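Descriptive structure summary
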Amino acid sequence: MFRKTLIRAAAIAVLATPLVAQDVAPEITQPQAENPARVLLVGNSYLYYNDSLHNHLRRMVMAGTEVEPQYKSATIGGARLDHHNLDWLTGPGQIGVDEPFELVLLQGHSNAALSEKNQKRYMDAVVKAKELVEGRGGKIALYMPHAYVAPHNSADPENIRANERFYTEAGNEIDAIVIPVALAFEEAYKRRPDMALQQDYDGSHPTLLGTFLAAATAYATLYGADPVGNEYDYFGRVSAEDAAFLQEVARDTVNAYFGR
């Protein structure tokens, strides 16, 4: 109970901000791949927790569009992007998708924005990924991860702004769309500080509701679709009240971030 109180207090402390508080705006504001059906998600445990982000996103797409998606996910615990063999993963037919991926979502380490060394390592990896994926006819999207909260030992009220600034600038530098998951978490905590979006034992990994929010944010970003009213509720495991709330947060965050 004490840890949950710490998380809520930390969330409240960092959220006395507008819906989007960026000092740099994204230049890519619309989906670059139109209704992508062949999608690969690359990352670490932030993706694979809670039945994997790719499953939730794929089900939202199936519930809200006429797309028949082929989704794949490649994750390594604690991984940075350069730990993945993207050349092999994105090769047609290598992981069960015969045609090239239309979209590759890149989720780096959760601390990628928090030091110059980590920023450079991340940018080196995404520049190579962009060249590789676009050479095969696809596009990349950058995943802006949520910020640590207590009891994580790196929790800091400035982290959310560091994530926002770094990933927005990264997307602008390489002409890639950015999925503002960090900002959606921030907005959800502002509206409902008692909602647990991150695990109370580490202040880092998402809960089921956190993953659901991330999926709704990715859906709104990558498909240009309004997640509000989407019938997907993880087979009844996400309540109607929570689903509607998280869908609204995802929609509002994406619209504010991109100026849609």
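1. Structural notes on the sheet that holds strand β4 (residues 139-143)
Taken in spatial order, the 5 strands line up as β2-β1-β3-β4-β5 in an open sheet, and their pairing is parallel. Two strands in the sheet have a free side with no partner beyond their single neighbour: β2 (70-75) and β5 (177-179). Here the strands of the sheet are splayed against their neighbours by 25 degrees on average, with no regard to which way each runs. As paired elements, β4 and β5 share 3 bridges and run parallel to each other. Opposite Leu-142, over in β5, you have Val-178 as the bridge partner. Where helix α3 (residues 53-64) meets the sheet, its contacts fall on β1 (38-43), β2 and β4, and the angle it forms with β2 comes to roughly 165 degrees. Packed on one face of the sheet, helix α5 (residues 116-135) meets β3 (103-106) and β4 and runs near 155 degrees to β4.

2. Comments concerning the nonpolar core
One broad trend across soluble globular proteins is that nonpolar side chains are buried collectively. Membership of the largest hydrophobic core comes to 79 residues, with the highest contact counts inside it found for Leu-106, Tyr-122, Leu-142, Leu-197, Leu-213 and Leu-222. Ranked by the residues each element gives to this core, the list is headed by helix α8 (residues 208-223), at 11 residues. When near neighbours in sequence (up to four residues on either side) are disregarded, Leu-197 contacts Phe-185, Ala-188, Tyr-189, His-205, Pro-206, Thr-207, Leu-209, Gly-210, Leu-213 and Leu-246.

3. What to know about the packing of aromatic side chains
Under the defined criterion, the tally for this structure stands at 9 aromatic pairs. Arranged with centres 5.5 Å apart and planes meeting at 65 degrees, the rings of Tyr-122 and Phe-166 form a pair that is edge-to-face. Note that Tyr-122 is positioned in helix α5 and Phe-166 in helix α6 (residues 159-174), a separation of 44 residues in sequence. With respect to class, Tyr-122 is no different from Phe-166; both count as buried. Centroid distance Tyr-122 to Tyr-167: 5.4 Å. Interplanar angle 80 degrees. Geometry classified as edge-to-face. Here Tyr-167 lies in helix α6 and Tyr-122 lies in helix α5, a separation of 45 residues in the sequence. Accessibility expressed as a relative area gives 0% for Tyr-167, which makes it buried. Put simply, the rings of Phe-212, Tyr-232, Tyr-234 and Phe-235 pair up and form one aromatic cluster. Positioned above the aromatic ring of Phe-245 is the side chain of Arg-192, whose terminal nitrogen or guanidinium carbon lies 4.9 Å from the ring centre.

4. Observations concerning the side chain of Ser-110
One can find Ser-110 in the loop between β3 and α5. Within polar-contact distance, the side chain of Ser-110 engages the side chain of Tyr-148 at 2.6 Å. When residues no more than four places from it in sequence are discounted, the contact partners of Ser-110 are Tyr-46, Pro-145 and Tyr-148.

5. Topic: the pairing of β4
Counting buried positions over the 5 residues of β4 gives 4, a clear majority of the element. The pairing of β3 with β4 spans 4 bridges and is parallel. Within β4, the position partnered with Val-104 by the bridge is Ile-140. Since β3 and β4 lie parallel, the crossover through α5 that links them has a hand, and here it is right-handed. A crossover connection joins β4 to the parallel β5 through α6; in handedness this β-α-β unit is right-handed.

6. Considerations on the pattern of salt bridges
According to the stated counting rule, one finds 14 salt bridges in the structure shown. Note that Arg-161 and Glu-164 form a salt bridge whose closest N and O atoms lie 2.8 Å from each other. Taken together, the residues span about one helical turn, with Arg-161 and Glu-164 both in helix α6 at a distance of 3 residues. For the pair formed by Arg-161 and Glu-164, the shared burial category is buried. With a closest N to O distance of 3.2 Å, Asp-242 and Arg-192 form a salt bridge.

7. Focus: the confidence of the model for the chain
The predicted model of the chain has a mean per-residue pLDDT of 93, with 92% of residues at 70 or higher. Confidence, expressed as mean pLDDT per element, reaches its minimum in the chain at helix α1 (residues 2-14) with 41 and its maximum at α8 with 99. Below a pLDDT of 50 lies the segment residues 1-18, which in the model reaches 28 contacts outside its immediate sequence neighbourhood of four places, other chains included.

8. Digging into the packing of α8 against helix α9 (residues 240-258)
Where α8 contacts α9, the axes come no closer than 9 Å and their chain directions differ by 45 degrees. By the criterion of interaxial angle, the relationship of α8 to α9 is oblique. The two elements α8 and α9 meet at a crossing, and its hand is right-handed. Between α8, through Leu-209, Phe-212, Leu-213, Ala-216, Thr-217, Ala-220 and Thr-221, and α9, the contact on the second element is made entirely by Asp-242, Ala-243, Leu-246, Gln-247, Val-249, Ala-250, Val-254 and Phe-258.

Calculation criteria
- Residues numbered from 1 in each chain as written.
- Predicted model: local features only at pLDDT ≥ 70, side-chain atom pairs only at ≥ 80, totals over all residues.
- Heavy atoms only, no water.
- Pairing = 2+ DSSP bridges.
- Helix = DSSP H or I, 4+ residues; strand = E, 2+ residues; numbered from the N terminus.
- Axes fitted to C-alpha atoms, helices over the stretch in contact; angles between N-to-C directions.
- Contact = heavy atoms within 4.5 Å.
- Core = buried A, V, L, I, M, F, W, Y, C linked by side-chain atoms within 4.5 Å.
- Buried < 20%, exposed > 50% of the residue type's maximum accessible area, 1.4 Å probe, protein only.
- Phe/Tyr/Trp six-rings, centres within 6.5 Å; stacked < 30°, edge-to-face > 60°.
- Lys NZ or Arg CZ within 6 Å of the ring centre and 35° of its normal.
- Polar contact = N/O pair within 3.5 Å; in protein donor to acceptor, adjacent residues only side chain to side chain.
- Right-handed = clockwise from strand over helix to strand, strands pointing away.
- Salt bridge = Lys/Arg side-chain N within 4 Å of Asp/Glu carboxyl O.
- pLDDT = per-residue confidence, 0-100.
- Parallel < 35°, antiparallel > 145°, perpendicular 65-115°, else oblique.
- Left-handed = near helix turned anticlockwise from the far one by under 90°.

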